[in-house]
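# Working through the structure, step by step
So the chains spell out like this:
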Amino acid sequence: MQDEIKKALSWRYAVKTFDSSKKLSESEVNTILESARMAPSSFGVEPWKFIVVSNPEIRAKIRAVSYDQTKVTDASHLIVIARRTDIRENITRELVERTAKAQGKDVSELKGLEDMVNGAISYKSDETLSAWAQSQTYIPLGMMLETAALLGIDTGPMEGFTATEIDNILGLKEKNLATVTMLALGHRGDDSFAELPKARRDFDEVVEFVN
Ligand SMILES: Cc1cc2nc3c(=O)[nH]c(=O)nc-3n(C[C@H](O)[C@H](O)[C@H](O)COP(=O)(O)O)c2cc1C
């Protein structure tokens, strides 16, 4: 298991050129999306949405505002990862309702949780709140990258685009969402980047043990 994980992690790289003829199955994509859904978040607020864009015309429009990155149209699947913009208004209520349902409790029994999360949210500025929601979305992104690698599925994470343009194309503002990252999924094509050696910092440079 440990060797399998290490192998998958060194096999994974950020694919530039996908093979547009290779499509993923619905079950493969759903397993990757499930790893995003199961991602942890601060207080469990899950301030995100994963939008799978299949429509070729819409993907062409997204590519046009993404520095013409071919993976936007050529990968088997494209997932837009968005953050919620209505944190102050809705996120605590949703958390409490969801938790009550899962634990078979009445929402009134979760007053402690509600007050704690509302308290943490209330002292944050709008700017800090957006950055907080945004940073949470990188957790499911990371989980999808790893899950896909373990399944032998290629990925191309992206931040190279004009987020507000993607929001416009997908009508995200009206849905209280804002684009943060995108993830292309599929299988690598004839891609010279696949051969590049990993240029990672050494283990001892990034890991410190305090004994
Ligand atoms: C959040 C994020 C955004 C990225 N955005 C882009 C992008 O827009 N276009 C691109 O070609 N690569 C993008 N990358 C890929 C990185 O450049 C790449 O992961 C990094 O150089 C390490 O290389 P490796 O993933 O191939 O090991 C992004 C990676 C991450 C994690």
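Below is a short write-up of the structure.

Let us now look at the site of the ligand. As a matter of local geometry, the ligand sits amid 13 residues, with Ala-14, Lys-16, Gln-69, Gly-160 and Lys-198 nearest to it. Contact distances for the ligand include 2.8 Å between a nitrogen atom and a side-chain N or O atom of Gln-69. In the model, a nitrogen atom of the ligand is placed 3.4 Å from a nitrogen or oxygen of the Pro-157 main chain. In isolation the ligand has 620 Å² of accessible area, and contact with the protein removes 65% of it. Residues that form the shell around the ligand fall into these classes: five nonpolar, two polar and six charged.

So, about the layout of surface pockets. The calculated volume of the largest pocket comes to roughly 190 Å³. Forming the boundary of the largest pocket are Arg-37, Glu-46, Trp-48, Lys-49, Phe-50, Arg-84, Lys-175 and Leu-177. Here the residues of the lining of the largest pocket are counted per class, giving three nonpolar, no polar and five charged. Taken as a whole, the second largest pocket encloses approximately 150 Å³ of empty space.

As a further point, take helix α9 (residues 163-170). When α9 is considered as a whole, its buried residues turn out to be Ile-166, Asp-167 and Leu-170. Considered in projection along α9, the buried side chains sweep an arc of 105° and stay on one side of the axis. Turned more than 90 degrees from where α9 packs its buried face, Thr-164 and Asn-168 sit exposed. On its buried side, α9 packs onto β1 (48-53), α3 (56-64), β2 (77-84) and β4 (177-186). Count one or two residues on from α9 and you reach Gly-171, which has phi positive near 60°.

The buried fraction of strand β3 (residues 154-158) amounts to four of the five residues, a majority that puts the element mostly inside the structure. Of the pairings in the sheet, the one linking β3 to β4 comprises five bridges and is antiparallel in character. Across the sheet, residue Asp-154 finds its bridge partner in β4, namely Gly-186.

Our focus in this paragraph is the pattern of salt bridges. Side chains that carry opposite charge are capable of pairing whenever their charged atoms lie near each other. Using the criterion set out here, one finds 11 salt bridges in the structure. Where Glu-97 meets Arg-93, a salt bridge forms, and the shortest distance between an N and an O atom there is 3.7 Å. One end of the pair is Glu-97 and the other is Arg-93, both in helix α5 (residues 87-103) and four residues apart, which spans about a single turn. By relative accessible area, which is 41% here, Glu-97 ends up partly exposed. The partner of Glu-205 in a salt bridge is Arg-201, and the shortest N-O contact between them spans 2.8 Å.

What follows concerns unusual backbone geometry. A positive phi angle, close to 45°, is found at Glu-46, a residue other than glycine. Structurally, Glu-46 is set in the loop between α2 (26-37) and β1.

How each quantity is defined
- Residues numbered from 1 in each chain as written.
- Predicted model: local features only at pLDDT ≥ 70, side-chain atom pairs only at ≥ 80, totals over all residues.
- Heavy atoms only, no water.
- Near = heavy atom within 4 Å.
- Polar contact = N/O pair within 3.5 Å; in protein donor to acceptor, adjacent residues only side chain to side chain.
- Areas by Shrake-Rupley, 256 points an atom, 1.4 Å probe, with all protein chains shown as cover.
- Nonpolar A, V, L, I, M, F, W, Y, C, P; charged D, E, K, R; others polar.
- 1 Å grid on protein atoms, 1.4 Å probe; cavity = no way out; pocket = protein on both sides within 12 Å on 5 of 7 lines; lining within 4 Å.
- Points joined across faces, edges and corners; volume = space filled by probe spheres on them.
- Buried < 20%, exposed > 50% of the residue type's maximum accessible area, 1.4 Å probe, protein only.
- Helix = DSSP H or I, 4+ residues; strand = E, 2+ residues; numbered from the N terminus.
- Arc of directions from axis to C-beta.
- Contact = heavy atoms within 4.5 Å.
- Pairing = 2+ DSSP bridges.
- Salt bridge = Lys/Arg side-chain N within 4 Å of Asp/Glu carboxyl O.

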